[in-house]
Each structure stands twice: as structure tokens, then as C-alpha cells.
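This is what each chain is made of:
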Amino acid sequence: QVQLVESGGGLVQPGGSLRLSCAAFGFGISNYVMSWYRQAPGNERELVAVITTIDGITNYADSGKGRFTISRDNTKNTMYLQMGSLKPEDTAVYYCHALGPRDLWGQGTLGTVSA
């Protein structure tokens, strides 16, 4: 079955860190542009970070620059988002997205930043 599965969400205190993973099943991610999006309650889904295919060029929304790092391991068919210096406004459901021969979304993982 072709799918993306996110993991790594949870509850963390302000200033803490989370590492999200997005594992692909049923297809290889090497020729897909991979991205992380997030959607906070009452807000639209927004792009957080994107990483290109072979060369791994990255780009970040202003909200995550200097705090978030997107990466990919094509041999493990997995993408990651390392988030640090987390703020309450980073609380959201985080989704991974694969754009290539198919256009695929994961089911999301909730990250909550709260004292």
C-alpha cells in the first residue's frame, strides 16, 4: 500500500525539541520533493520546510528558519524534521507531503508545545 506515515509528535515544554519522521511505504522517495506542512487549530495548513530530491536543497518558512532542520535518507525511505527552541505557537498537526509521480500526504502527527 502506498502511504506516508509520520511519527515523533508529542508534548514538549517551550524551548524543547522534537524530531519528526516521515516513512514512505510502497514507493521510493528518491525522485520526490518532500515537504513538511503544519496546521494549527483554526488556521490554514502552511508550508514549514521543503527538501529537493537528489541534491537535497532545503528551504524554510520564516517561522522555522534557524530552529528547524529538514533532512532525508533516501536509503531508508524516510524524511525528518528536527525542531528546536520550540514555542507554543509551533503547536500544530504536522503533515509530510511527497510530490513527484504521485501527490501524497501523510495522516499527520500532533506536536504540542506547552508548559
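Above: the structure in question.
Residues numbered from 1 in each chain as written. Predicted model: local features only at pLDDT ≥ 70, side-chain atom pairs only at ≥ 80, totals over all residues. Heavy atoms only, no water.

Trainee: Please clarify how the side chain of Thr109 should be interpreted in this entry.
Mentor: Topologically, Thr109 is positioned in strand β11 (residues 109-113). Looking at Thr109, its side chain comes within polar contact range of the main-chain nitrogen of Gly9, at 3.2 Å. Contacts of Thr109, omitting those with residues within four sequence positions, involve Glu6, Ser7, Gly8, Gly9, Leu20, Ala92, Val93 and Tyr94. (Helix = DSSP H or I, 4+ residues; strand = E, 2+ residues; numbered from the N terminus. Polar contact = N/O pair within 3.5 Å; in protein donor to acceptor, adjacent residues only side chain to side chain. Contact = heavy atoms within 4.5 Å.)

Trainee: What am I meant to see in the nonpolar core here?
Mentor: Here is a general trend for soluble globular proteins: nonpolar side chains tend to be buried in one another's company. Residues Leu4, Met34, Trp36 and Leu81 are the most contacted members of the largest nonpolar core, which totals 28 residues. When contributions to this core are tallied by element, the ones reaching two or more residues are β3 (18-25), β4 (33-39), β5 (46-51), β7 (68-73), β8 (78-83) and β9 (92-99). Discounting chain neighbours no more than four positions away, the residues touching Leu4 are Cys22, Ala23, Ala24, Phe27, Met34, Cys96, His97, Ala98, Leu104, Trp105, Gly106 and Gln107. (Core = buried A, V, L, I, M, F, W, Y, C linked by side-chain atoms within 4.5 Å. Buried < 20%, exposed > 50% of the residue type's maximum accessible area, 1.4 Å probe, protein only.)

Trainee: Sorry, what's going on with the pairing of β9 here?
Mentor: Regular strands show a simple pattern: their side chains alternate between the two faces of the sheet. Counting buried residues along β9, six of its eight residues qualify, which places the element largely inside the surrounding structure. Pairing analysis gives seven bridges linking β4 to β9, with the strands arranged antiparallel. Directly across from Gln39, in β9, lies its bridge partner Val93. One ladder, built from three bridges, connects β9 with β11; its direction is antiparallel. Directly across from Ala92, in β11, lies its bridge partner Gly111. Across three bridges, the pairing between β9 and strand β10 (residues 103-105) is antiparallel. Considered in β10, the bridge of Ala98 is made with Leu104. (Pairing = 2+ DSSP bridges.)

Trainee: I tried to follow the sheet that holds β3 on my own but got confused; where do I start?
Mentor: What links the strands of a sheet is backbone hydrogen bonding, and the strands pair in either a parallel or an antiparallel sense. Strand order across the open sheet formed by four strands is β1-β3-β8-β7, with antiparallel pairing between neighbours. One side of each edge strand has no neighbouring strand; the edge strands of this open sheet are β1 (3-7) and β7. Averaged over all neighbouring strand pairs, the angle between strand axes comes to 15°, with direction disregarded. Sheet topology note: the β3/β8 ladder contains six bridges and is antiparallel. Among the inter-strand pairings, Cys22 is bridged to a residue of β8, identified as Met79. (Axes fitted to C-alpha atoms, helices over the stretch in contact; angles between N-to-C directions.)

Trainee: Just to check I follow, could you spell out the environment of Gly111 for this structure?
Mentor: By secondary structure assignment, the location of Gly111 is in strand β11. Residue Gly111 is classed as buried on the basis of its relative accessible area, which comes to 3%. Spatially, the C-alpha atom of Gly111 lies 27 Å from that of Gly100, the residues being eleven residues apart in sequence. Beyond its immediate chain neighbours, meaning those up to four positions away, Gly111 contacts Gly10, Leu18, Asp90, Thr91, Ala92 and Tyr94.

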